[in-house]
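Here's the letter readout for the chains.
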Amino acid sequence: MSKFINLHGHTSVGSVFDGLGMPKESMEFCFENGMNAAAITDHGSMAAVSYQILHAEEMKKQGKEFKPIFGVEAYFLPDITKWRAEYEEEKANKTEKRVKKEAVEAEDVRVAVEDEGETRSVKSVANRRSHLVLLAQNNTGLSNLYKLVSKSNEPGNFYRYPRMDFDMLRAHHSGIIALSACCGGVLAECSWANKDKGPDVVHECMCKTIEDFQGIFGDRFYGELQWNYLDFQHEINQQVIRACKAMNVKMVSTSDYHYPRPELWRD
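Residues numbered from 1 in each chain as written. Predicted model: local features only at pLDDT ≥ 70, side-chain atom pairs only at ≥ 80, totals over all residues. Heavy atoms only, no water.

Caption draft 1: Quick look at the packing of aromatic side chains. Evaluation of the coordinates by the stated rule reveals 8 aromatic pairs. Taken together, Phe76, Phe166, Phe213 and Phe221 form an aromatic cluster joined through their ring pairs. The ring of Tyr161 carries Arg129 above its face, with NZ or CZ at 3.8 Å from the centroid. (Phe/Tyr/Trp six-rings, centres within 6.5 Å; stacked < 30°, edge-to-face > 60°. Lys NZ or Arg CZ within 6 Å of the ring centre and 35° of its normal.)

As structure tokens, then:
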């Protein structure tokens, strides 16, 4: 039986306000529990890599053979150019509404104007993104991860979160393994966007998304399953399983940890 190797986890180094503990704490816990390798995939950041390398060397001196896996949980959009145009349009509309509001207030007219479209909107364009786990297979993959993360932080791609899209992945996919991530991931997005349209619509969306990623990563794209106490997680798991079987895509299980030891969850 193969040992479990976790491919999704966070630390305080790169997952600010979302991860607890240093990379060495996570690595030591994994080793103590029988693992000889594990990944750290902080949000939009590769800052943990140097810590992983240095502590793996320290562990080796102590006779602990442990392989650090380098990765990132990226913020993803299919098309950043399209998103940027929609964002600029949304910003212009907000400015126009503010100007109208100020004009009304200047005339001291007290009136409430209902905007049904705005009321029913689920999320602003500016904050739109989903998660995608990317792991380095080799030095080429690590170099490409650095390029992707650097590009995602460029001004045109950054608004509160660094983002990457299909064009970036096509340019820098070599040596990288991709996982569909968590409940906020690229496949789970199909579930949230189509939850009122029925399971078949969700399935079609997931299959199309898988096809898009297969076009870039081939058999290096995996469906990701997680097991926790969230009811909707298990619903999404079943949807991911169905879509991956239909598209002949392999799946992995991850823990998506955010602290190095179970007892620290209270912190």
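More follows now that the structure is in view.
Caption draft 2: Quick peek at the confidence of the model for the protein. When pLDDT is averaged across the protein, the result is 89; 88% of the residues are at 70 or more. Here residues 103-122 is modelled with pLDDT under 50, and outside its nearest four sequence neighbours on either side it reaches 5 contacts, counting other chains as well. (pLDDT = per-residue confidence, 0-100. Contact = heavy atoms within 4.5 Å.)

Caption draft 3: Spotlight on helix H5 (residues 139-152). Between its terminal C-alpha atoms H5 stretches 20 Å, which fits the 20 Å expected from 14 residues at 1.5 Å a residue. Of all the positions in H5, only Gly141, Leu142, Asn144, Leu145, Leu148, Val149 and Ser152 are classed as buried. Across the axial projection of H5, the buried residues extend over an arc of 165°, all falling on one side. Next to the buried residues of H5 lie strand S2 (67-76), strand S3 (130-136), strand S4 (158-159), strand S5 (161-164), helix H6 (166-171) and strand S6 (176-179). Where H5 begins, the capping side chain belongs to Asn138, and its oxygen is found 3.2 Å from the backbone nitrogen of Thr140. (Helix = DSSP H or I, 4+ residues; strand = E, 2+ residues; numbered from the N terminus. Expected span 1.5 Å × (residues − 1). Buried < 20%, exposed > 50% of the residue type's maximum accessible area, 1.4 Å probe, protein only. Arc of directions from axis to C-beta. Polar contact = N/O pair within 3.5 Å; in protein donor to acceptor, adjacent residues only side chain to side chain.)

Caption draft 4: Quick look at unusual backbone geometry. One non-glycine residue, Arg160, adopts positive backbone phi at about 65°. Within the secondary structure layout, Arg160 lies in the loop between S4 and S5. Take Arg160: its relative accessible area is 54%, and that puts it in the exposed class. The backbone phi angle of Asn248 is positive, close to 55°, even though this residue is not glycine. On the secondary structure map, Asn248 appears in the loop between helix H9 (231-246) and strand S8 (251-254).

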